[in-house]
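# Coordinate inspection notes
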Amino acid sequence: MRKIGITRIALAFAAVAMLSACGQDEEAAAPAGGDTAAAEASTEVKAQIEARQAQYKKIGGAFKTINDNLKSGSPDIAAIQAAAASLPEIAATMGDWFPEGTGPESGVKTEALPAIWENRADFDQKIAAFQAAAANLNTVAQGGDVAAIGAAFGATGGTCKACHDNFRLDD
Ligand code: HEC
């Protein structure tokens, strides 16, 4: 009986000691350490979001170049070809532009919708469809046939829209 009693007291003491030690650790370390970690994370998240927005601006710029030339009476084929060639290159890494935590919950200004992370497989399919259309547009553009380029351009534009409709704010 006596032995069991001492063991119980020892266990109870150990448990209390552990609890209070943990509590003290959290109180002492969490606020300062947590803030630093959060600040570092948000700097990285902000950089990731701004980097992808810059990439989409490049895609938008290349797309505008092609569109403007197709609409003009005398399209600059070389300009169309250069712009079309840039698209598959820029888009090759698109699947890496949306790591977890880079949505609107980050507090950083972004038009990326939470649906991206809720329906990731669908989003990845939209990326793949765009990459395939952009690769085809580039191949056709290098051929130089304006009518064929127009058709491939329209098809590629459809894949931009298909993604924006579901995964980009206000578009
Ligand atoms: C798989 C999805 C997807 C595809 C395909 C896609 N976009 Fe986007 N786009 C987005 C998302 C998401 C954003 C918002 C990014 C952000 O704000 O963080 C965006 C943003 C943009 C922006 C705004 C960039 C800025 O911040 O100023 C432009 C311009 C743009 N896209 C053009 C295009 C064009 C043109 C195409 C096709 C040639 C295209 N996108 C294809 C998902 C896509």
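First, a word on what this report is: a plain description of the structure on this page. In every chain, residue numbers begin from 1 and rise along the written sequence. Under the rules for a predicted model, residues below a pLDDT of 70 receive no local features and side-chain atom pairs below 80 are neither given nor counted, while totals for whole chains, interfaces and linings still include all residues. The basis for every side-chain value is the complete set of non-hydrogen atoms in the structure, without hydrogens or water.

## Regarding the coordination of the iron atom of the ligand
Our working definition: As a rule, N, O and S atoms within 2.8 Å of a metal are its donors, except that Na, K and Ca use 3.2 Å; water is not among the atoms, so sites may look incomplete. Secondary structure elements follow DSSP: runs of H or I no shorter than four residues count as helices, runs of E no shorter than two count as strands, and numbering proceeds from the N terminus.
Among protein atoms, the single one acting as a donor to the iron atom of the ligand is H164 (NE2), 2.1 Å away. In this structure, H164 sits in helix α5 (residues 146-167).

## Focus: the nonpolar core
Filter applied, for reference: Joining through side-chain atoms within 4.5 Å is the link that ties buried Ala, Val, Leu, Ile, Met, Phe, Trp, Tyr and Cys residues into a set, and such a set is a nonpolar core. Exposure classes here rest on a 1.4 Å probe applied to the protein chains alone. A residue is buried below 20% of its type maximum, exposed above 50%, and partly exposed in between. By definition in these notes, contact holds between two residues if any of their heavy atoms fall within 4.5 Å.
I66, L87 and L137 are the most contacted members of the largest nonpolar core, which totals 29 residues. Within the residue set of this core, elements represented by two or more residues are α1 (2-71), α2 (77-91), α3 (115-118), α4 (120-143) and α5. The contact partners of L137, leaving out residues within four places of it in the chain, are F63, I66, A84, L87, I149, A152, F153 and T156.

## Comments concerning the site of the ligand
For clarity, the threshold we go by: Proximity is defined per residue: if any heavy atom of the residue lies within 4 Å of a molecule or strand, that residue is considered near it. Residue type decides the class: Asp, Glu, Lys and Arg count as charged, Ala, Val, Leu, Ile, Met, Phe, Trp, Tyr, Cys and Pro as nonpolar, and the leftover types, Gly among them, as polar.
Near the ligand, the surroundings consist of 22 residues, among which T110, E111, C160, C163 and H164 are the closest. Only α1, α4 and α5 provide two or more residues apiece to the shell around the ligand. With 7 residues, α1 is the single largest residue contributor to the shell around the ligand. Considering only residue class, the shell around the ligand consists of 13 nonpolar, 4 polar and 5 charged.

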